[in-house]
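A look at the structure
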Amino acid sequence: MTSTADVRERRRILRRALPRFRQVLPGMLSGIAMGLAIVALLATSAWLIVRAAEQPPVLFLTMAAVGVRAFALARAVFRYLERLYSHDAVFRQLASLRTDVLRRLIPRAPAGLTDRSRGSLLTAVVTDVDELQNLSLRVVQPIVVAVTVAVLSVAGIALLSPTAAVVLAITLVLCGIGATWATSTVAGASERSLAPKREELASAILDYVQGFPVLVHYGAEAAARERVRMADARLTRTALRRASGFGLSAAIIALLTGLAVVGAISVGSTLVMPDGTGGPVFAVIALTPLAIFEVIGTIPVAVNHWRAVRSSADRLAATLPEELPVEIPREGGAPTGTSAPTDTRLTLQGVSARWPGAEENALTDVDLVVEPGESVLIEGSSGSGKSTLANVLVRFLEYGGSYRIGGVEARSLGDVHATVGLCEQHPYLFDDSVRQNLLFARDTATDEELLVILDQVGLGDWVAARGGLDARVGERGALVSGGQAQRLSLARALLRDFPILVLDEPTANVDAARAGVLLRDLITAATSTGRSIIVISHDDVPAPLIDRRFSMREGTLV
Amino acid sequence: MRPLDPRLLRYARSSRGFLVLGAVLALADTLAIIGFAWGVTASLTHIIDGASWQELAPSLGGIAACAAARALLSWGTEATGARGAARAKSELRMTVLTALPRLGAEWLENTQSARLTTLLGHGLDALDDYFARYLPQLIRTAITLPALALVVFGQDLLSGIILLVTLPIIPIFMVLIGLATRTVQRRQWDGLNRLSASFLDVVGGLSTLKVFGREKRQIDRMSSITDDYRRSTMAVLRISFLSGFVLELMASLSVALLAVSIGFRLVDGAIPLTVGLFVLLLAPEVFLPIRQVGTHFHAAAEGVEASQDAFEILDAAEAAPEPQCASLSASGDLELRDVTVVRDETAVLEHQSLRARCGSVLAITGDSGAGKSTLLRVIAGLTPHTGSVHVGGVDMTAVSPGERSWLSWAPQNPALQAGTVLSNVTLGDPAPDVRQAERALQRAAAGDIKLDRNLGTAGMGLSGGEAQRVGLARCYYRAQRFGAHIIVLDEPTSALDRRTEQIVARGLRELAAGGACVIVVSHRPALVEWADECITIGDRAEVLV
């Protein structure tokens, strides 16, 4: 991640993760107030005790005694407020962060996301977005607070003894540099390799959990478990190296705290007069460094968090750059006003298309005209470009040449999805009820309408047997078979009543006998409402159901 | 969360040595703290008394030496804690993973895989805070706190009494607030899980949502879900942070109380300055460990909550039936007698009997949902059932799924693993045979797929049809290499075109001609035509779909 474009992309994501100044201000001010209270508490206590030892009238001590109690109280109160305000600001930002990631994902799905496995999407989205929350909470705020408190404290000491202030400032800077160096170089080197190792472990676990029956049957379960153990061991080794770096930074802080006190005592001793006066001020100068070092101890931790946040931002920037690949259609075009053109003749002229990252076109020079109400079959073997065509028709993929719907170029059409629908090869079912899986197609539909549609796709009895529309379909449709998933997907498309419907391999998982019935139902419905149908299949479709048939070979229609 | 979870300690036996080492380091650190405070006190009083630099040198040197010692000890503490945590986490992770086989495939299928993957990966990582920070800090508190309190007592009785009164109040408050937040913590963890599941569901179904123009709506939904999460989390945090507040308040007020009381007694000349300064420097150190326990308590609680999910799995595994009996070698026909499978109180398969002969291909058809896949899983021993499975007349019902060496099964979802095509085709073979793997690929109409091709998680990088054929080759390889004579295939050609399907069908015939007993579940007439025999299951009125 060195190129300027990448850095710009990272910065854009980081900016999105940072709450607005107005939102972080209360937390930040509380933090500074707390830090100052810590320093003031120790300074006042030291002054009080040494002054008291000089046995002045008690009256001279009451102010200090009140101050000590007040600072103690302030420390706890401001700490509580700081944590509350800063967390609230971060959580407010989380919604915007999540939706931003979703917004970047949307134009890419599905054609621009084919190289991401589910496991790494899980890591990328959940972990990285969570990590980005730390930007304000654990990076920006602690550093701003610590530096402000340190500067103000040094300034305060300078009022008492400029030389002591210089000594203190030097040790503070040395400590900041040393501890930051330890975390960034020693711990940072291992930190960078931590994320890929974590992903490796997640991938091994995912393969194990999802492939479990197969692994058991093939006698490979122990080996797969061993793979998890090895990934775990590699992750552990890296984590330990990192911990060692943290230890080093803690050690540097402890050492320099001691040296700062020694320095402050040596320099401050000149304030003590031969007659013994000046003792209280000397005690303040000698002991205050202890409190200041406590406050700036948060900096190395913050620097470490910064590195984690930065690499999460880099990962998100790499997966989801603002710039879309050229193979992916841009949002929009001109809004049509009338959502669906009245003329739904579909014309392809010299259409070509390519998958993101691919060298060659998957589709070349395709000519096709589908009249309203017509049923067209496109046959071909796997890899011939049939699914690419389906992706072009619903504008998941960008195309070359001309693709017109009712005479309007699809590229300039605001919403192709109002006209052209798709039943996917692998229909996605949401982990919800049958009702919810249908309703999002048309949320005004009544239960009666849903049941009629389910009957049309041959799922009426099945739904009744499972207790009606509230039956759940399971995670990724785990509780329904492949054929039932296809039927539900068809039901959704019927419910939406698309003028043009693309069926991508609808019979892949449906038994042959019912596929015929289903297609017949569909075509009957289509002719009554003027719907065109494009069936893409490697299976044969009985002749009376289809008006025209084409064959696809190596990306062209023949 | 309880301050100490005995189960967590029991499962993480190997971290104990590190905890002991941490205790030794804590003891040494306590001595260094006392030395440091004494050195500072001595130097200060010497200077105020107008002592010479010669008199001052030992105490200044002492400060530096103690600081160096503390530096070394804090590095050691960090390293020890991290090591202990890593051990504990790995041990728990592997214990859970080892328990999964006992629970079986059926249990695993009923669990959300995303949830399980999160738990075993990210979820257990939350235990870092428990083992590397919270627990060592608890031990440290047990050592440093009494030691320092004792030193203060020895120096100044009144200061000691103030500590004795204020210290116990802190744990009492912590327990009270901890009790109040326990159920809320649990809910929050559940909420986090739901949030990640719903995010993943939206991401997974994005293309479907786009087809229906519903993707924009998800943005609002995600936003409102996250906002709900913020509200509920903030409600928890307001209380959670309260315990931190009480800690801070008690600690700093106690120190203030001490300072003021020492100050007024110094005016009276009741105690010397040496004692006053020394106690003032030690007092915050008395509270520091207990404050840090509080800091780590809530972070640790999240890890402990995650570990509860792991314990639930371990408990379930303990309650699961004993492992089944070992391998029985057999040859001859496969026979199912009166097999019934009940899932969620619904009969998926009822009183099914069949016989598959060696040297022939048996096709099984039936409507989707009729239980065809379940039937094959019964043969593989992955689904609990009544009735029995026989091979060559030997009852195999009780043989574990991993011991059915007479069987080679190709499920509908090939579930390929990260690695090469070769490692997938030769899955479970300690000594892969490249030539046989090539032959298996060819028979599965996958001769065009190179053996050294690299695959990602879940076989990423292959198309659906390619993955299916690699899964088929894997099945053939096992059959040939280990002499599994019963071959069962679940929809082997559902993603293949007709020409490829013909090649696969010819492969099946070859296997049967070689004496194998081939059972193929399919709804494709072209494939069924090649079979010697075809049976339809679930052909009853109550199973319509």
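All values reported here derive from a predicted model rather than from experimental measurement.

Focus on the overall build of chain B
Tallying secondary structure elements over chain B gives 15 helices and 11 strands in all. Compactness check: chain B gives a C-alpha radius of gyration of 34 Å against a globular reference of 24 Å for 545 residues, more than 25% above the reference. In terms of principal-axis extent, the alpha carbons of chain B reach across some 110 × 50 × 45 Å. A total of 545 residues make up chain B; the buried ones form 57% of that total. In chain B, 79% of the contacts between residues at least 6 apart in sequence involve partners at least 24 apart. Carbon and sulfur atoms form 58% of the exposed surface of chain B, whose accessible area is close to 21,500 Å².

What to know about the confidence of the model for chain B
For chain B, per-residue confidence averages 86 on the pLDDT scale, and residues scoring 70 or more make up 93% of the total. In this model, residues 540–545 of chain B is a region of pLDDT below 50 whose contacts with residues beyond four sequence positions or in other chains number 16 contacts.

Considerations on the side chain of histidine 417 of chain A
By secondary structure assignment, the location of histidine 417 of chain A is in the loop between β5 (408–409) and β6 (420–423). When its relative accessible area of 10% is taken as the criterion, histidine 417 of chain A is described as buried. In terms of polar contacts, histidine 417 of chain A uses its side chain to reach the backbone carbonyl oxygen of lysine 210 of chain B, at 2.9 Å.

Looking at the sheet that holds strand β1 (residues 346–353) of chain A
Residue and element names in this part refer to chain A. With antiparallel pairing, the four strands of this open sheet are ordered in space as β2-β1-β4-β5. The two strands at the open ends of the sheet, each matched to only one other strand, are β2 (363–370) and β5. Of the strand pairs in this sheet, strand β4 (residues 400–405) and β5 are connected by two bridges, and their pairing is antiparallel. What sits directly across from isoleucine 405, in β5, is valine 408. Strands in contact with helix α11 (residues 386–393) are β1, β2 and β4; relative to β1, the strand with the most contacts, it is inclined by about 120°.

A look at the pattern of salt bridges
This structure, assessed with the given rule, holds 51 salt bridges over all chains. We note a salt bridge from arginine 411 of chain A to glutamate 398 of chain A, for which the minimum N-O separation is 3.2 Å. Of the two residues, arginine 411 of chain A sits in the loop between β5 and β6 while glutamate 398 of chain A sits in the loop between α11 and β4, which places them 13 residues apart along the sequence. Where arginine 509 of chain B meets aspartate 532 of chain B, a salt bridge forms, and the shortest distance between an N and an O atom there is 3.0 Å. Of the two residues, arginine 509 of chain B is situated in helix α14 (residues 498–513) and aspartate 532 of chain B in the loop between α15 (525–528) and β11 (533–536); the sequence distance between them amounts to 23 residues. The exposure class of arginine 509 of chain B is partly exposed, given its relative accessible area of 25%. When salt bridges with common partners are traced through the structure, they connect Asp88 and Arg92 of chain A together with Asp227, Asp228, Arg230 and Arg231 of chain B into a single cluster.

Considering the packing of aromatic side chains
Considering all chains together, one arrives at 10 aromatic pairs over all chains under this definition. Between tyrosine 428 of chain A and phenylalanine 430 of chain A, the ring centres sit 5.1 Å apart and the planes meet at 65°, which makes this aromatic pair edge-to-face. With 5.5 Å between their ring centres and 85° between their planes, phenylalanine 430 of chain A and phenylalanine 440 of chain A make a pair best called edge-to-face. Of this pair, phenylalanine 430 of chain A sits in the loop between β6 and α12 (434–439) while phenylalanine 440 of chain A is found in the loop between α12 and α13 (447–456), placing the two residues 10 residues apart along the sequence. A residue is classified by how much of its surface remains accessible, and phenylalanine 440 of chain A, at 12% relative accessible area, is buried. One aromatic cluster is present, formed by Tyr428, Phe430, Phe440 and Phe498 of chain A together with Phe212 of chain B through successive ring pairs. Over the aromatic face of tyrosine 218 of chain A sits the side chain of arginine 478 of chain B, whose NZ or CZ is 5.5 Å from the ring centroid.

Side note on the environment of glycine 474 of chain A
Here glycine 474 of chain A is to be found in the loop between α14 (460–465) and α15 (482–496). Classification of glycine 474 of chain A as buried rests on a relative accessible area of 9%.

Some points on a nonpolar patch on the surface
Residues and elements named next belong to chain B. Together, Ile172, Val175, Leu176 and Leu179 make up a nonpolar patch on the protein surface, roughly 390 Å² of accessible area in all. Its place among the elements puts isoleucine 172 in helix α6 (residues 157–204). With a relative accessible area of 53%, isoleucine 172 lands in the exposed category.

Things to note about the sheet that holds strand β10 (residues 556–557) of chain A
Residues and elements named next belong to chain A. Strand order in the open sheet formed by six strands is β6-β7-β8-β3-β9-β10, with mixed pairing between adjacent strands. Where the open sheet ends on each side, the last strands, each with one partner, are β6 and β10. Relative to strand β7 (residues 500–504), β6 runs parallel, the two being bridged by four bridges. When the sheet's bridge partners are listed, leucine 422 is paired in β7 with valine 502.

A closer look at the domain arrangement of chain B
Splitting chain B by domain gives domain 1 (7–319) and domain 2 (334–536). Taking the mean C-alpha position of each, domain 1 of chain B and domain 2 of chain B sit 53 Å from one another.

Concerning the interface of chain A and chain B
Counting residues at the interface gives 145 residues for chain A and 133 residues for chain B. Summed over both sides, the interface between chain A and chain B buries roughly 12,400 Å², with carbon and sulfur atoms accounting for 70% of that surface. Broken down residue by residue, the surface that chain A buries against chain B is led by Ile49, His217 and Tyr218 of chain A, which jointly contribute 7%. For the interface between chain A and chain B, the tally reads five salt bridges. Inspection of the region where chain A meets chain B yields 24 residue pairs in polar contact (both at pLDDT 80 or more). In terms of residue count, helix α3 (residues 59–105) of chain A provides more of the side of chain A that touches chain B than any other element does, 25 residues in total. When the residues that make up the side of chain A that touches chain B are grouped by side-chain class, the tally is 78 nonpolar, 31 polar and 36 charged.

With respect to the environment of leucine 42 of chain A
Residues and elements named next belong to chain A. Following the sequence through the fold, leucine 42 ends up in helix α2 (residues 21–53). With 242 residues separating them along the chain, leucine 42 and valine 284 place their C-alpha atoms 8.0 Å apart. Excluding its chain neighbours within four sequence positions, the residues that come into contact with leucine 42 are Leu287, Thr288, Leu290 and Ala291.

Parameters at a glance
Numbering of residues starts from 1 in every chain and runs along the sequence as written. Chain A is the first chain written and ligand 1 is the first ligand written, with later ones labelled in order. The predicted nature of this model means local features are confined to residues of pLDDT at least 70 and side-chain atom pairs, given and counted, to a pLDDT of 80 or more, with totals for whole chains, interfaces and linings taken over all residues. Side-chain figures throughout are based on the complete set of non-hydrogen atoms in the structure, without hydrogens or water. A helix here means a DSSP run of H or I that spans at least four residues, while a strand means a run of E at least two residues long, and both kinds are numbered starting from the N terminus. Throughout, the radius of gyration refers to the C-alpha atoms, and the reference size of a globule is 2.2 Å times the residue count to the power 0.38. Buried means the residue's accessible area, taken with a 1.4 Å probe over protein chains only, is under 20% of the maximum for its type, while exposed means over 50%, and partly exposed covers the values in between. By definition, residues are in contact when any of their heavy atoms lie within 4.5 Å. Residue-level accessible areas treat just the shown protein chains as cover; the underlying method is Shrake-Rupley with a 1.4 Å probe. Scored from 0 to 100, pLDDT records how confident the predictor is in each individual residue. As used in this structure description, the phrase polar contact means that two N or O atoms lie within 3.5 Å; if the pair is within protein, one of them must be able to donate a hydrogen and the other to accept it, and residues adjacent in sequence are counted only when both atoms belong to side chains. Pairing between two strands requires that DSSP report at least two bridges joining them. To define axes, lines are fitted to C-alpha atoms, for helices over the stretch in contact only, and angles between the resulting N-to-C directions are given on a 0 to 180 degree scale. For salt bridges, the criterion is a side-chain nitrogen of Lys or Arg within 4 Å of an Asp or Glu carboxyl oxygen. In summary, the pairing rule links any two rings of Phe, Tyr or Trp, Trp by its six-membered ring, whose centres are within 6.5 Å, and it sorts them by plane angle into stacked for under 30 degrees, edge-to-face for over 60 and tilted for everything else. As a reminder, the over-ring test applies to NZ of lysine and CZ of arginine, requiring each to be within 6 Å of the ring centre and within 35 degrees of the ring normal. Every patch collects residues that have over 30% relative accessible area and no salt bridge, joining them within 9 Å if they carry like charges and within 5 Å if they are nonpolar side chains (Val, Leu, Ile, Met, Phe, Trp, Tyr). An automatic or database domain assignment supplies the residue ranges for each domain. Buried area is calculated as the accessible area (1.4 Å probe) missing from two parts once they are joined, with the contributions of both summed. Classes in brief: Ala, Val, Leu, Ile, Met, Phe, Trp, Tyr, Cys and Pro nonpolar; Asp, Glu, Lys and Arg charged; the others, Gly included, polar.

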